[in-house]
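# Descriptive structure summary
For reference, the chains in residue letters:
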Amino acid sequence: MPSLINKILEALKEVENDIRTNEINLNRRLECLEIQQDNIITLLNREDISNDEKINTLKNLFLL
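To start, this report covers the structure provided alongside it. These numbers come from a predicted model, not from an experiment.

The rules behind each value
Residues numbered from 1 in each chain as written. Predicted model: local features only at pLDDT ≥ 70, side-chain atom pairs only at ≥ 80, totals over all residues. Heavy atoms only, no water. Helix = DSSP H or I, 4+ residues; strand = E, 2+ residues; numbered from the N terminus. Buried < 20%, exposed > 50% of the residue type's maximum accessible area, 1.4 Å probe, protein only. Areas by Shrake-Rupley, 256 points an atom, 1.4 Å probe, with all protein chains shown as cover. Lys, Arg positive; Asp, Glu negative; His and termini not counted. Charge placed at Lys NZ, Arg CZ, Asp CG, Glu CD. Contact = heavy atoms within 4.5 Å. Salt bridge = Lys/Arg side-chain N within 4 Å of Asp/Glu carboxyl O. Patch = residues over 30% accessible without salt bridge, like charges linked within 9 Å, V, L, I, M, F, W, Y side chains within 5 Å. Axes fitted to C-alpha atoms, helices over the stretch in contact; angles between N-to-C directions. Parallel < 35°, antiparallel > 145°, perpendicular 65-115°, else oblique. Left-handed = near helix turned anticlockwise from the far one by under 90°. Nonpolar A, V, L, I, M, F, W, Y, C, P; charged D, E, K, R; others polar.

### Regarding the overall build of the chain
Helix and strand counts for the chain come out as 2 helices and 0 strands. A burial count over the chain gives 8% of its 64 residues as buried. Only carbon and sulfur atoms are counted for the fraction: they give 57% of the accessible area of the chain, which is about 6,000 Å². Averaged over its 8 positive side-chain charges, the chain has a centre that lies 5 Å from the centre of its 12 negative ones.

### What about the environment of Leu-43?
As for its position among the elements, Leu-43 is in helix α1 (residues 2-45). Once the C-alpha coordinates of Leu-43 and Ile-55 are considered, the two residues, 12 residues apart in sequence, prove to be 9.8 Å apart. Residue contacts for Leu-43: discarding those within four places in its chain leaves Ile-49, Lys-54, Thr-57 and Leu-58.

### Considerations on the pattern of salt bridges
As enumerated under the stated definition, the model contains 3 salt bridges in all. Glu-16 serves as the salt-bridge partner of Arg-20, at 2.6 Å between the closest nitrogen and oxygen. Here Arg-20 and its partner Glu-16 are both found in helix α1, 4 residues apart, which amounts to about one turn of the helix. Taking the relative accessible area as the measure of exposure, Glu-16 reaches 38% and is therefore partly exposed. Where Arg-46 meets Asp-48, a salt bridge forms, and the shortest distance between an N and an O atom there is 2.7 Å. Here Arg-46 falls in the partly exposed class, since its relative accessible area comes to 35%.

### Notes on a nonpolar patch on the surface
On the surface, Met-1, Leu-4, Ile-5, Ile-8, Leu-9 and Leu-12 cluster together into a nonpolar patch covering about 630 Å² of accessible area. Checked against the element boundaries, Leu-12 lands in helix α1. For Leu-12, a relative accessible area of 53% corresponds to the exposed category.

### Looking at the packing of α1 against helix α2 (residues 51-63)
Geometrically, a packed helix pair is captured by the angle between its two axes and the distance between the axes. Taken N-terminus to C-terminus, the directions of α1 and α2 make an angle of 160°; their axes are 10 Å apart at the nearest point. By the angle between their directions, the pair α1 and α2 is classed as roughly antiparallel. Handedness of the crossing formed by α1 with α2: right-handed. Seen from α1, the contacting residues are Gln-36, Ile-40, Leu-43 and Leu-44; seen from α2, they are Lys-54, Thr-57, Leu-58, Leu-61 and Phe-62. A class-by-class count of the residues in the contact of α1 with α2 yields 6 nonpolar, 2 polar and 1 charged.

Structure, rendered in C-alpha cells:
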C-alpha cells in the first residue's frame, strides 16, 4: 500500500510541476502579447506616417 501512495504522490508532483511550467509559459506569452499590443497602439497613434504605411506595417507584423 505505501508503494501505491508514493506513486500517487509522485504523479501529483509531476502534475503540479506541469501546471507551474504552463503558468510560467502563459505568463511569458501574455507579457509578449501586451508588449505587441502597446507597440500597435503606438504605431496607430503616430501622426508622422500615413495610414497606408500603418496598414502595411501591421500586415507585415501579422504575416510573421
